[in-house]
Amino acid sequence: MAKRTRIIEGTWNCSSCGKKGILARYKKCPDCNNPRELTGEESEFDFGGTDAKTGKSLRESVADEKALEMANAGADWFCAYCGASNRGDQPICKNCKAERTDDAKALREEEDPGLPPPKPQQAPPPKRTWRTVAMVVGGSLLFCCGSSLIYGVWASWTHDYAGQVVSAEWKRTVFQERFTPVTLEGWRDELRTQAPRMPVNGTGEVAGVENIRGCASRQRGTRKVPDGTERVCSTKTRRVACGTEEKCRTRNKGNGFKEEICEDVTKYCSESYEDCRNETRYRTEPVYAQHCSYDTYQWKELDRREDSGRDEQPPRWPELSAGPTDRLRREEKYSIHIQYEDDGPRKTVLEPKTEQEYLGWKKGQQVTVTVDNTGELKNAVPR
Ligand SMILES: [Zn+2]
Ligand SMILES: [Zn+2]
């Protein structure tokens with residue numbers, strides 16, 4: 001890639017008489033003969049505009065032999081005595097004939113800052129990482145559930161109150177159950193023929209599975225099965241080399257001239273293309289299995305007796321007799337009714353699990369109840 005170099009010339013403004021646009025080759029103002037100095041912005045040269053794409057100067061190249069020689073004479077220095085600008089290769093001030101001294105100020109030869117790097121032609125779409133997903137999910141959780149979370153915290157706050165047992169109630173039920181033949185249905189592969197065994201004094205029974213019959217195919221569920229492939233395409237973009245483009249930079253000669261270096265560099269363009277792949281397609285199909293009838297045994301309720309009482313009446317079981325293959329199943333339920341004062345009279349119910357626990361409570365007993373903000377009883381202890 002060949003480099004093309006050329007010299008361009010800046011202009012300056014005379015701060016003594018106000019003349020504008022004096023070519024850099026003139027170290028004295030052509031109107032008032034005042035020498036160009038470092039002060040008064042006389043040595044801040046204007047080089048005109050540049051092409052936004054290439055950075056190439058819009059100025060004409062310098063062709064004049066003498067001007068080209070000046071451009072290559074090195075950076076200007078300023079006489080310590082009279083302030084006039086002088087060619088870098090001249091040791092004597094052209095204005096006052098004084099010698100160049102070590103403390104004489106000078107301009108510098110340097111690279112100009114280049115063009116800013118070109119912006120990517122298409123910004124890549126923001127990737128949805130797990131982090132942004134978490135933020136989105138978390139945000140909506142907070143949005144939808146924030147108030148219920150606050151409610152949950154509020155509801156779980158508890159308060160203690162002084163209360164009193166107003167009544168104690170119990171209810172007991174005895175069920176007489178008989179091991180009875182029944183016909184049920186089930187999946188063939190889950191049934192294994194087994195002989196039943198009758199209970200002795202209500203225990204040791206085996207339900208059994210006998211006489212499996214009447215099997216028929218029936219839908220048991222569904223499953224997904226591969227059903228060919230599908231071509232899935234999406235349009236994507238990529239950067240590709242697409243010829244060359246001119247890029248220019250300049251080097252300030254420190255004397256009102258610049259060297260411009262232009263070269264052709266690879267140009268990149270964004271190109272869209274189809275990104276395709278094969279994806280397996282699935283379909284749902286029913287799953288069938290054999291469904292059969294069979295004989296077995298189940299406990300069936302034959303009779304029940306119920307009894308209940310309150311306060312001073314101790315709990316007792318109702319009388320019920322059972323045959324040799326029967327069993328008796330018992331259920332008990334206990335309730336302690338407590339009244340306490342909040343901003344008015346409140347009632348709550350404690351449900352002991354066992355008789356022993358129930359007998360620990362008496363009507364008229366003083367208790368401390370712990371209740372949460374929804375009124376649910378959390379704890380009760382005698383006082
Ligand atoms: Zn002037
Ligand atoms: Zn001088």
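Coordinates for the structure precede this section.
Described in the following lines is the structure provided in the data block. These numbers were taken from a predicted model, which means no experiment stands behind them.

## Comments concerning the nonpolar core
Now for step 1: If you look at the biggest cluster of nonpolar residues, it comprises 17 residues, and the most contacted ones within it are Trp12, Phe45 and Phe257.
Now for step 2: Counting residues per element, this core draws most heavily on helix 1 (residues 65–71), at three residues.
Now for step 3: Residue contacts for Phe257: discarding those within four places in its chain leaves Ile7, Ile8, Glu9, Ala24, Arg25, Phe47, Val62, Ala67, Met70, Ala71, Arg251 and Asn252.
Now for step 4: Ranked by size, the runner-up nonpolar core spans 16 residues in total, among them Tyr161, Ile338, Leu377 and Ala380.

## Focus: the coordination of the zinc ion (ligand 2)
Now for step 1: For the zinc ion (ligand 2), the full set of protein donor atoms is Cys79 (SG), Cys82 (SG), Cys93 (SG) and Cys96 (SG), at a range of 2.1 to 2.4 Å.
Now for step 2: Coordination at the zinc ion (ligand 2) comes from four donor atoms whose angles at the metal span 101 to 122°, giving a geometry best classed as tetrahedral.
Now for step 3: Read N to C, the donor residues that coordinate the zinc ion (ligand 2) are spaced as C-x2-C-x10-C-x2-C. In this pair, Cys79 is assigned in the loop between strand 4 (77–78) and strand 5 (85–86) and Cys96 in the loop between strand 5 and strand 6 (110–111), connecting sequence segments 17 residues apart.
Now for step 4: Accessibility expressed as a relative area gives 5% for Cys79, which makes it buried.

## Things to note about the coordination of the zinc ion (ligand 1)
Now for step 1: The protein atoms donating to the zinc ion (ligand 1) are Cys14 (SG), Cys17 (SG), Cys29 (SG) and Cys32 (SG), with metal-donor distances spanning 2.1 to 2.3 Å.
Now for step 2: Seen from the zinc ion (ligand 1), its four donor atoms lie at angles of 102 to 119°, and the figure they make is tetrahedral.
Now for step 3: When the donors of the zinc ion (ligand 1) are listed by position in the chain, the intervening gaps give C-x2-C-x11-C-x2-C. Taken together, the residues span a long stretch of sequence, with Cys14 in the loop between strand 2 (11–12) and strand 3 (22–23) and Cys32 in the loop between strand 3 and helix 1 at a distance of 18 residues.
Now for step 4: Here Cys32 falls in the partly exposed class, since its relative accessible area comes to 32%.

## Quick notes on the pattern of salt bridges
Charged atoms that come close allow side chains of opposite charge to pair.
Now for step 1: On inspection of all chains with the given rule, the structure shows 42 salt bridges.
Now for step 2: For the salt bridge of Arg310 with Asp311, the shortest nitrogen-to-oxygen distance reads 3.7 Å.
Now for step 3: Members of the salt-bridge network, linked through shared partners, are Glu109, Glu111, Arg249, Arg251, Lys253 and Glu263.

## Considering the environment of Thr235
Now for step 1: Mapping Thr235 onto the fold places it in strand 8 (residues 210–252).
Now for step 2: A sequence separation of 41 residues divides Thr235 from Cys276, and the C-alpha atoms of the two residues are 8.7 Å apart.
Now for step 3: The contact partners of Thr235, leaving out residues within four places of it in the chain, are Ser272, Tyr273 and Glu274.
Now for step 4: Within the local environment of Thr235, its side chain forms a polar contact with the side chain of Glu274, the two groups lying 2.6 Å apart.

## Remarks on the pairing of strand 7 (residues 158–187)
Now for step 1: Relative to strand 12 (residues 366–372), strand 7 runs antiparallel, the two sharing seven bridges. Pairing of Tyr161 across the sheet is with Val369, part of strand 12.
Now for step 2: Sheet topology places strand 7 next to strand 10 (residues 326–341); 15 bridges connect them, and they run antiparallel. When the bridges of strand 10 are listed, Ala168 appears paired with Ile336.
Now for step 3: In terms of strand pairing, strand 7 meets strand 9 (residues 257–310) through 19 bridges, oriented antiparallel. By the bridge assignment, Arg178 is partnered in strand 9 with Lys300.

Each value, and the rule that gives it
- Residues numbered from 1 in each chain as written.
- Chains lettered and ligands numbered in written order.
- Predicted model: local features only at pLDDT ≥ 70, side-chain atom pairs only at ≥ 80, totals over all residues.
- Heavy atoms only, no water.
- Core = buried A, V, L, I, M, F, W, Y, C linked by side-chain atoms within 4.5 Å.
- Buried < 20%, exposed > 50% of the residue type's maximum accessible area, 1.4 Å probe, protein only.
- Helix = DSSP H or I, 4+ residues; strand = E, 2+ residues; numbered from the N terminus.
- Contact = heavy atoms within 4.5 Å.
- Donors = N, O, S within 2.8 Å, 3.2 Å for Na, K, Ca; no water.
- Tetrahedral: all angles 85-135°; square planar, octahedral: opposite > 155°, others 65-115°.
- Salt bridge = Lys/Arg side-chain N within 4 Å of Asp/Glu carboxyl O.
- Polar contact = N/O pair within 3.5 Å; in protein donor to acceptor, adjacent residues only side chain to side chain.
- Pairing = 2+ DSSP bridges.

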